[in-house]
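Breakdown of the fold
What follows is the residue order along each chain.
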Amino acid sequence: QVQLVESGGGLVQPGGSLRLSCAASGRILSIYDMGWYRQAPGKQRELVATITRDGRTNYADSVKGRFTISRDNAKNTVYLQMNSLNAEDTATYYCNADIWALGGLRRPYWGQGTQVTVSS
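Residues numbered from 1 in each chain as written. Predicted model: local features only at pLDDT ≥ 70, side-chain atom pairs only at ≥ 80, totals over all residues. Heavy atoms only, no water.

Description of the environment of Arg38
Stated formally: Counting from the N terminus, the helices are the DSSP runs of H or I reaching at least four residues and the strands are the DSSP runs of E reaching at least two. Residue contacts are defined here by distance: any two heavy atoms, one from each residue, within 4.5 Å place the two residues in contact. Two N or O atoms form a polar contact when they lie within 3.5 Å of each other; inside protein one atom must be a possible hydrogen donor and the other a possible acceptor, and for residues adjacent in sequence the pair counts only when both atoms belong to side chains.
Tracing the backbone shows Arg38 in strand S4 (residues 28–39). Placed 57 residues apart in sequence, Arg38 and Cys95 show a C-alpha to C-alpha distance of 8.7 Å. When sequence neighbours within four positions are dropped, the list of residues in contact with Arg38 reads Gln44, Arg45, Glu46, Val48, Ser62, Val63, Phe67, Glu88, Asp89, Ala91, Thr92 and Tyr93. Within polar-contact distance, the side chain of Arg38 engages the side chain of Glu46 at 2.7 Å. One polar contact links Arg38 to Asp89, side chain to side chain, over a distance of 2.9 Å.

Dropping the structure here:
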């Protein structure tokens, strides 16, 4: 059984910062790409940022220059540092990881989501 557990969401004022974390646990053989997605009310889930095992990153245009994705392979954890937050960043943020689990197939796993609300 593999689990992704997110933390770090909350309420922040416009212009503020938050750092999200997502730790993968369970019978994991290997973790490949990891990433963050978000879904605002009434909208489709969208990609925020991804990172490969060797640290190559990709960002949505809307967050470039404000958000930074990173990972610690030893801890099976991915992070999202979010700066200069604005109301349009309000959403539920989901962690995603491409994982090869012991006794299973390589496939994507999702976390349960963490709420980020940007409001004064």
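Description of the state of the cysteines
The condition is simple: By definition, disulfides here are pairs of cysteine sulfur atoms that lie within 2.5 Å. Exposure is judged per residue with a 1.4 Å probe applied to protein chains only, and the accessible area is read against the type maximum: over 50% gives exposed, under 20% gives buried, and values in between give partly exposed.
Taken as a whole, this structure holds one disulfide when the rule is applied. The disulfide bridge from Cys22 ends at Cys95, spanning 2.1 Å between sulfur atoms. Where Cys22 bonds to Cys95 through sulfur, the torsion about that S-S bond is close to -80°, and the disulfide is left-handed. Pair noted here: Cys22 is in strand S3 (residues 18–26) and Cys95 is in strand S9 (residues 91–101), with a separation of 73 residues, a long-range link. The buried category is assigned to Cys95, whose relative accessible area is 0%.

Overview of the sheet that holds strand S8 (residues 77–82)
Sheet strands line up and pair through hydrogen bonds in the backbone, either parallel or antiparallel. Applied cut-off: DSSP-based pairing: two strands are paired if at least 2 bridges between them are found. Here an axis means a line fitted to C-alpha atoms, over the contact stretch when the element is a helix, while the angle between two N-to-C directions is reported on a 0 to 180 degree scale.
Strand order across the open sheet formed by four strands is S1-S3-S8-S7, with antiparallel pairing between neighbours. In this open sheet, the two edge strands, each paired with only one partner strand, are strand S1 (2–7) and strand S7 (67–72). Within this sheet the neighbouring strands show an average axis-to-axis angle of 15°, counted without direction. Here S1 pairs with S3 via six bridges, running antiparallel. Pairing of Ser7 across the sheet is with Ser21, part of S3.

Side note on a nonpolar patch on the surface
Operational definition: Residues enter patches when their relative accessible area tops 30% and they take part in no salt bridge; the joining distance is 9 Å for like charges and 5 Å for the nonpolar side chains Val, Leu, Ile, Met, Phe, Trp and Tyr. Computed with a 1.4 Å probe, the accessible areas rest on the Shrake-Rupley method; for each residue, only the protein chains presented here act as cover. One speaks of a salt bridge when a side-chain nitrogen belonging to Lys or Arg is within 4 Å of a carboxyl oxygen belonging to Asp or Glu.
Residues Leu29, Trp100 and Leu102 make up a contiguous nonpolar surface patch of about 290 Å² in total accessible area. Residue Leu102 is classed as partly exposed on the basis of its relative accessible area, which comes to 45%.

Thoughts on the packing of aromatic side chains
Ring pairs (aromatic) are described by centroid distance and by the angle formed between their planes. Convention followed: We call Phe, Tyr and Trp rings a pair once their centres come within 6.5 Å, taking the six-membered ring for Trp, and we label the pair stacked below 30 degrees between planes, edge-to-face above 60, and tilted otherwise. Both a distance and an angle decide whether a charge sits over a ring: NZ of Lys or CZ of Arg must be within 6 Å of the ring centre and within 35 degrees of the ring normal.
Here the structure, examined in full by the defined rule, presents one aromatic pair. Centroid distance Tyr37 to Trp110: 5.1 Å. Interplanar angle 65°. Geometry classified as edge-to-face. A residue pair is termed long-range when its members are at least 10 positions apart, and Tyr37 in strand S4 and Trp110 in strand S10 (residues 106–110) qualify at 73 residues. Here Trp110 falls in the partly exposed class, since its relative accessible area comes to 38%. One Lys or Arg, Arg45, reaches over the ring of Tyr94 and ends 3.8 Å from the middle of that ring.

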